[in-house]
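Descriptive analysis of the structure
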Amino acid sequence: MKKHVSNLSRPSLRKRAAAPLSSPQIEPKPKPAPRSTGSSATSPREILRELDLVQLDPGPDYFNRLHDRIMSRIDKIEQKNSDPSAPSKKCSTVNTEKVLTEHPVVN
Amino acid sequence: MAERAKKTENLKAFEVLSDVELVEFTKNGHKSCFSILVRRHQKGLLRLSFRFMKDLDSAEDIVQESFIKAYERLGTFEGRASFKSWLFQIAVNTAKNRLRSRRERKVDIDELPLAVGPIAENTLVHGAIAKLIQKHVDDLPLKQKTALVLRVYEDLSFKEIAEIMECPYDTAKANYRHALMKLKEELQDQADLRHWTEESGFYTELHQYGVEAES
């Protein structure tokens, strides 16, 4: 008959079994304190975020307009892709309006 | 009018969907679902791009380009990373390329105009301190700055940061930790900041972030 070998024959388990129940071997890692969420900005993260709001200042309707510009460019890409007479299937992602104003052609 | 109302109603029904679901619908031809993704992520993307580009026009260009690239490559998105990580990765790479080409054109980045709006009186003091810190953040090496910005400002996990930076998890953490340490060294030398940093528990917070990065 095969003799049953207890798991406690393994040294690591013997050690764990011998330890009193009240003293856990693995101490739980201290969790970092919750980050500050107060309204008055005192932490660097909050201050930087506040600064962002001041610096960006895009205006109330800015994000509606940005969304519309993106979707209109996507529409144009779709139109070009579906138009077989278009010279290139892949649309350039360069914002031509801005390129023309930022880099004028030098004669 | 009735058609418009119906359309809005339909869009509202889509708004509750997750990013991955919206991507799937977009792939199947529902372009309005991509419009929801744009609305959902454009603010975060603009904030992120602004930190790299330092002016609103360039930041907006990065946002537009990133969304268009994402739309064009949507077929390659497999959903292994989150859509947000994938989108931010496109934006970070686009911003890096743009900064590189700026350097090649020998433009002094520091001389570029800042899109600074009118500063409210009650933010003047904080604004001045923040500008000092911002300067030190801007001076960090690009990889460290990227890790810091994504963690501190965008609240992303190290797993997401690693995906965006296309580097191992431990490298993302190390870049973040080095950024914090460098920031701490720089700020400890600033007499103007000493009072504020001690009062506000800035170093405690830095330490807390450091502990987070170590764990």
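Residues numbered from 1 in each chain as written. Chains lettered and ligands numbered in written order. Predicted model: local features only at pLDDT ≥ 70, side-chain atom pairs only at ≥ 80, totals over all residues. Heavy atoms only, no water.

**Description of the pattern of salt bridges**
Residues and elements named next belong to chain B. All told, the structure shown has 14 salt bridges over all chains when counted by the stated rule. Of the charged contacts, one joins Arg 40 and Asp 19 as a salt bridge, the two residues approaching to 2.7 Å between their closest N and O atoms. Linking Arg 40 in helix H3 (residues 31–53) with Asp 19 in helix H2 (residues 19–27), this pair joins segments that are 21 residues apart in sequence. You can call Arg 40 partly exposed: its relative accessible area is 33%. Judged by its relative accessible area of 15%, Asp 19 falls in the buried class. The shortest N-O distance in the salt bridge between Glu 78 and Arg 80 comes to 2.4 Å. Of the two residues, Glu 78 and Arg 80, neither departs from the other in class, the shared state being exposed. Within this structure, Asp 61, Glu 65, Lys 69 and Arg 98 form a network of salt bridges that share partners. (Salt bridge = Lys/Arg side-chain N within 4 Å of Asp/Glu carboxyl O. Helix = DSSP H or I, 4+ residues; strand = E, 2+ residues; numbered from the N terminus. Buried < 20%, exposed > 50% of the residue type's maximum accessible area, 1.4 Å probe, protein only.)

**Here's the deal with the packing of aromatic side chains**
In this description, an aromatic ring pair is defined by two values, namely the gap between the centres and the angle between the planes. All names here are of chain B. Following the criterion strictly, the structure yields nine aromatic pairs over all chains and no others. Aromatic side chains Phe 77 and Phe 83 sit 5.9 Å apart centroid to centroid with 90° between the ring planes, which places their arrangement in the edge-to-face category. Here Phe 77 matches Phe 83 in class, with each residue buried. Each ring, one from Phe 158 and one from Tyr 176, has its centre 5.3 Å from the other, and the planes form 65°; the classification is edge-to-face. Note that Phe 158 is positioned in helix H8 (residues 158–165) and Tyr 176 in helix H9 (residues 169–188), a separation of 18 residues in sequence. A relative accessible area of 7% means that Phe 158 is categorised as buried. Among the aromatic residues, those joined into a cluster by ring pairs are Phe 34, Phe 67 and Tyr 71. Lying across the ring of Phe 158, Arg 151 places its NZ or CZ 5.0 Å from the centre. (Phe/Tyr/Trp six-rings, centres within 6.5 Å; stacked < 30°, edge-to-face > 60°. Lys NZ or Arg CZ within 6 Å of the ring centre and 35° of its normal.)

**Observations regarding the confidence of the model for chain B**
All names here are of chain B. Of the residues in chain B, 71% reach a pLDDT of 70 or more, and the chain-wide mean stands at 78. Averaged over each element, pLDDT in chain B is lowest for helix H10 (residues 191–199) (55) and highest for helix H4 (residues 56–72) (95). Across residues 107–123 the pLDDT falls below 50, and counting only partners more than four positions away or on other chains, this stretch makes 27 contacts in the model. Both confidence scores are given for the complex: pTM 0.62, ipTM 0.70. (pLDDT = per-residue confidence, 0-100. Contact = heavy atoms within 4.5 Å.)

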